[in-house]
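What follows is the residue order along each chain.
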Amino acid sequence: MDERTSKASVLIVEDDAHISGIVATHLERAGYACTSAFSGTEARLVLEGAQARGEAFDVVLCDLMLPGLPGEEIVKLIRAANAATPLIITSARTTPADKIDLLKLGADDYLAKPFDLDELLARIEVQLRHRACVEAPRPDGDVLRVGAWEIDRAARTLTAGGVDVPLTRTEFNIVELLAIHPKKVYTKQELFELAWGEPYAVEDSTVSVHVSNIRSKLKPSGTDGYLRTVWGLGFKLAIDEGA
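Residues numbered from 1 in each chain as written. Predicted model: local features only at pLDDT ≥ 70, side-chain atom pairs only at ≥ 80, totals over all residues. Heavy atoms only, no water.

Caption draft 1: Up close: the overall build of the protein. The secondary structure content of the protein amounts to 10 helices and 12 strands. Taking all 243 residues of the protein together, 46% fall into the buried category. In the protein, 57% of the contacts between residues at least 6 apart in sequence involve partners at least 24 apart. (Helix = DSSP H or I, 4+ residues; strand = E, 2+ residues; numbered from the N terminus. Buried < 20%, exposed > 50% of the residue type's maximum accessible area, 1.4 Å probe, protein only. Contact = heavy atoms within 4.5 Å.)

Caption draft 2: Structural view of the packing of helix 7 (residues 169-180) against helix 8 (residues 188-196). One way to put it is that helix 7 packs onto helix 8 with a least axis distance of 9 Å and a crossing angle of 120°. In terms of axis orientation, helix 7 runs oblique to helix 8. Like other packed secondary-structure pairs, helix 7 and helix 8 cross with a definite hand, here right-handed. Within the contact between the two elements, helix 7 uses Thr170, Asn173, Ile174, Leu177 and Leu178 and helix 8 uses Leu191, Leu194, Ala195 and Trp196. (Axes fitted to C-alpha atoms, helices over the stretch in contact; angles between N-to-C directions. Parallel < 35°, antiparallel > 145°, perpendicular 65-115°, else oblique. Left-handed = near helix turned anticlockwise from the far one by under 90°.)

Caption draft 3: Region of the structure containing empty space enclosed by the protein. Following the criterion strictly, the structure yields 1 cavity of 30 Å³ or more and no others. One number sums up the size of the largest cavity: a volume of about 70 Å³. Lining the largest cavity are Ile12, Val13, Glu14, Ile19, Val23, Leu61, Cys62, Thr90, Lys113, Phe115 and Leu120. Broken down by secondary-structure element, the contributors of at least two residues to the lining of the largest cavity are strand 1 (9-13), helix 2 (17-29) and strand 3 (59-63). Classifying every residue of the lining of the largest cavity by side-chain character gives 8 nonpolar, 1 polar and 2 charged. (1 Å grid on protein atoms, 1.4 Å probe; cavity = no way out; pocket = protein on both sides within 12 Å on 5 of 7 lines; lining within 4 Å. Points joined across faces, edges and corners; volume = space filled by probe spheres on them. Nonpolar A, V, L, I, M, F, W, Y, C, P; charged D, E, K, R; others polar.)

Caption draft 4: Representation of the pattern of salt bridges within the structure. Inspection of every chain in the model, using the stated rule, returns 13 salt bridges. The residue Glu55 makes a salt bridge to Arg53 at a minimum N-O spacing of 3.1 Å. Classification of Arg53 as exposed rests on a relative accessible area of 54%. Measuring nitrogen to oxygen at the nearest pair gives 3.4 Å for the salt bridge that ties Glu73 to Lys76. Of this pair, Glu73 and Lys76 are both found in helix 4 (residues 71-81), 3 residues apart, which corresponds to roughly one turn of the helix. A cluster of three or more residues bridged by salt bridges with shared partners is formed by Asp142, Arg153, Arg156 and Glu176. (Salt bridge = Lys/Arg side-chain N within 4 Å of Asp/Glu carboxyl O.)

Caption draft 5: The arrangement of the environment of Thr187 in detail. Summarising the element assignment, Thr187 is placed in strand 10 (residues 186-187). Residue Thr187 is classed as partly exposed on the basis of its relative accessible area of 30%. Residues Thr187 and Gly234, spaced 47 residues apart in sequence, show a C-alpha to C-alpha distance of 4.2 Å. Sequence-distant contacts of Thr187, that is, excluding residues within four places in its chain, are made with Leu233 and Gly234.

Caption draft 6: Local environment of helix 4. Residues of helix 4 that are buried: Gly71, Ile74, Val75, Ile78 and Arg79. Buried positions in helix 4, seen along its axis, are confined to an arc of 130° and lie on one side of it. Those residues of helix 4 that are buried are in contact with helix 3 (40-52), strand 3, strand 4 (87-91) and helix 5 (96-105). (Arc of directions from axis to C-beta.)

Caption draft 7: Highlighting the sheet that holds strand 5 (residues 109-112). Here we have 5 strands laid out as an open sheet, ordered 2-1-3-4-5, and parallel in their pairing. The open sheet has two edge strands with one neighbour each: strand 2 (33-37) and strand 5. Neighbour to neighbour, the strand axes of the sheet diverge by 20° on average, direction disregarded. Two strands pair when backbone bridges link them, and strand 3 and strand 4 are joined in this way by 4 bridges, in the parallel orientation. Residue pairing across strands places Leu61 opposite Ile88, the latter belonging to strand 4. (Pairing = 2+ DSSP bridges.)

Caption draft 8: Here's a closer look at the nonpolar core. Trp149, Ile151, Leu158, Leu191, Leu218, Leu227 and Leu237 are the most contacted members of the largest nonpolar core, which totals 28 residues. Elements with a contribution of two residues or more to this core: strand 6 (143-146), strand 7 (149-152), strand 8 (157-160), helix 7, helix 8, helix 9 (205-218) and strand 12 (234-237). With 6 residues, helix 7 is the largest single contributor of residues to this core. Leave out the neighbours within four places in its chain, and Ile151 touches Asp142, Val143, Leu144, Thr157, Leu158, Phe172, Val175 and Ala179. Residues Leu66, Ile78, Ile89 and Leu102 belong to the second largest nonpolar core, which totals 22 residues. (Core = buried A, V, L, I, M, F, W, Y, C linked by side-chain atoms within 4.5 Å.)

Structural data, given as structure tokens:
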């Protein structure tokens with residue numbers, strides 16, 4: 001295990017003490033530093049304390065059915081504090097509609113309960129690899145300007161028509177890919193494999209939900225029309241058509 005992974009911190013938000021203990025033990029054996037919160041209220045206190053110290057967890061695992069404060073509210077708190085924090089939802093809700101709702105909450109990934117511990121470990125490692133890639137140093141002045149968009153690839157920020165657009169890490173990856181090759185049509189499989197960095201093995205709705213989330217965030221800037229659906233193929237950036 002590399003030095004980065006061995007020092008990674010994980011917040012486990014799970015009200016079932018037995019499940020929380022098993023997950024923490026497995027991750028600690030793999031070299032992770034784990035902090036457990038057994039209610040939504042406790043999770044909020046832990047997150048606020050970390051933020052006050054200028055710290056942040058490398059990955060957050062969050063159940064949805066929590067006492068005190070529901071998991072959905074914890075997701076909102078995490079996204080308000082740091083849009084790029086890798087967030088994996090664990091839930092017994094497994095229908096396609098439920099999974100879409102989880103992605104709309106701002107989750108980067110999800111695991112249906114009961115889950116395999118080794119699969120959980122693999123999902124965490126994928127999230128950390130993504131973070132390592134996006135945090136790699138880039139040349140100064142590495143800014144993309146397309147239409148009314150200004151994308152700072154080093155700072156991982158998007159400004160649209162002078163409006164700051166808060167994006168999750170996955171959403172930024174999608175926007176960056178589309179902006180690098182304007183008017184190129186990306187299939188859902190291409191977008192998923194390039195943005196997530198892993199083989200495409202999910203429902204088509206996963207990519208569509210993320211694109212829908214991006215459009216919603218772009219509406220105040222009037223540039224949501226930049227993201228065009230090419231029916232039967234995928235998505236593209238269409239500045240001339242969307243302006």
